[in-house]
Structures are given as structure tokens and as C-alpha cells.
Amino acid sequence: MISNGYSWMVIKDVIQASDSLDKLKTGIHGITIHVKLRAIQCLILMRWYGAVVSCWVAGDPQCNKNRRNDMLQIGDVAPDFALLNQNGEVVRLSDFRGKRVVIYFYPKDDTAECIKEACAFRNKHQEFLAHGVVLIGISCDSPQDHRMFIEKYHLPFLLLCDPDIKVATRWGVFGEIKAYGRLYRGIHRMSFIIDQQGKILHIFQSIPPADHAKKILAWLKEIDLPATSAG
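Predicted model only: the values in this text are computed from it and were never measured.

Chemist: Explain the nonpolar core here, please?
Modeler: In a soluble, globular protein the nonpolar side chains are often hidden away together inside. The biggest cluster of nonpolar side chains holds 27 residues, and the ones touching the most others in it are Phe81, Ile103, Phe105, Trp171 and Phe192. Only strand E5 (100-105), strand E6 (133-139), helix H7 (166-170), strand E10 (190-194) and strand E11 (200-205) provide two or more residues apiece to this core. Once residues within four sequence positions are removed from consideration, Ile103 is found in contact with Phe81, Leu93, Ile136, Ile138, Trp171, Met190, Ser191 and Phe192. Membership of the second largest hydrophobic core comes to 26 residues, among which are Cys114, Leu135, Leu159 and Ile207.

Okay, structure coming up:
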């Protein structure tokens, strides 16, 4: 059974690490045997995919809870969380009760599409503040990775760490993704607008990263939210 949604990332790291080795040489009775690590990779992948399929077919709740069938809906109370920020400090969603919050989930710091997305939010940050919005990004990266990402691109908003993907799973953001003709499980690029009482006002998904900030601001302007300071 898959213990958490992080398995596919571990497998990816194993493959990347073993690529640099390619072969393992060991001598037996003077004969050098080349052990192809690809065989080990295949075994790992077969065991993992087999476990995923078997638990889905059997209706295992541990796997079912990672599916996106139970996504949050507009009007739901946003689940609280306690996550570390880029400075290693604990941040809770409930800390911002009484303020509007935009939470956007993204896959990985300092990757091409996530850079476009983060910089778009950076460039529009003052407009979010004018609408009384606190902007927060969440990924599975570490505080150190977040600090480097923030410093490199001068990001003026909080980034929170969800290393075991529990928050992403609870919020219905972690699930099956189809890309380049294959299926895998990962973080969906989504955002949530939370009102002052902690309820979900709107949900955005399947938006090009570079347009994400612009789409949210257009929605905020459309409903004519009061322009107040988020500070």
C-alpha cells in the first residue's frame, strides 16, 4: 500500500541518481559482472505501479483519499493548516482570519513554469494588497529552497512548505496528472480565494502559469471587492 503521495517523487530521484552510475561492477572469481541498474529501476516501478493499481481496485481508503474526487467546493470552510514558511516559522491559515487570502499551489521552486507564475504574482502584488488580499504560495519544497527562490526572484509574499503533501491532499490539489502522453501523480496548479471568515470564495484551476495572477485579479475586480490594505 502507498503510505503517502510522495512515492512518485522518490522513484524519480532514484532514477536520476542511478543514471549517473549506469553500471555496478563486481568481481566474482576474476570475472567482472556488469549489473544493469535499469533492472532495479524497473523492479521499483513495477512494484509501485502494482501497489497503486491494487489499492485503487480494492478501494483502499489510503489511496482513495489521495484522489481528487473530494475536492473542496466554493462555500466550504477552508481547512486550517500549520506549515513552515521560508524562515522556518510556523504559519497557520487561521492567523489571517479577518483578511482575504489567496493561496496558490504549485509543483516546484525554480522550475520554468513556476518561475513564470511566481514572477507574475510578484509583478501584481501591489494590486493584491490594494484588494486587501494576503498572497501565499504552497509547494513541497523546503524552507531553504523557498528562501533561495524568494531571494533569486525578489518575491514579496509568503511561501509555505508542504513536504509530505498532506495539505495539498486535504485541499484536493494532489492527484493524477496527464502530461506528455503519460499519467503520474503530482501537484495540480490551483488557487483558492478565502474570505475574511475562512470560507472559499472562488477556485481557479487549469490556468496558464503566466496568466494566473491576472485571472485572479480580474475576478476580484469583477466582484468589486473593497480596496483595503492587507497589512
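Chemist: What should I look at first to understand the sheet that holds E10 in this one?
Modeler: Two orientations exist for strands paired in a sheet by backbone hydrogen bonds: parallel and antiparallel. Sheet architecture is open: seven strands sit in the order E4-E3-E7-E6-E5-E10-E11, paired in mixed fashion. Two strands in the sheet have a free side with no partner beyond their single neighbour: strand E4 (90-92) and E11. Direction aside, the axes of adjacent strands within the sheet are offset by 30 degrees on average. As defined by bridge partners, strand E3 (residues 82-85) adjoins E4 across three bridges and the pair is classed as antiparallel. Bridging across to E4, Leu83 finds its partner in Val91. Seen against the sheet, helix H6 (residues 143-153) touches E3, E6 and strand E7 (158-161) and runs at an angle of roughly 155 degrees to E7.

Chemist: Mind showing me how you'd approach the pattern of salt bridges here?
Modeler: Opposite charge on two side chains makes pairing possible when the charged atoms of those side chains draw close. Applying the stated criterion to the full structure yields eight salt bridges. Among the salt bridges present, the one from Glu127 reaches Lys124, with a minimum N-O distance of 3.6 Å. By relative accessible area, Lys124 is classed as partly exposed at 30%. For Lys221, the salt bridge goes to Glu127, with nearest N and O atoms at 3.3 Å. Pair noted here: Lys221 is in helix H8 (residues 212-222) and Glu127 is in helix H5 (residues 125-130), with a separation of 94 residues, a long-range link. One network of salt bridges, with partners in common, ties together Lys124, Glu127 and Lys221.

The rules behind each value
Residues numbered from 1 in each chain as written. Predicted model: local features only at pLDDT ≥ 70, side-chain atom pairs only at ≥ 80, totals over all residues. Heavy atoms only, no water. Core = buried A, V, L, I, M, F, W, Y, C linked by side-chain atoms within 4.5 Å. Buried < 20%, exposed > 50% of the residue type's maximum accessible area, 1.4 Å probe, protein only. Helix = DSSP H or I, 4+ residues; strand = E, 2+ residues; numbered from the N terminus. Contact = heavy atoms within 4.5 Å. Pairing = 2+ DSSP bridges. Axes fitted to C-alpha atoms, helices over the stretch in contact; angles between N-to-C directions. Salt bridge = Lys/Arg side-chain N within 4 Å of Asp/Glu carboxyl O.

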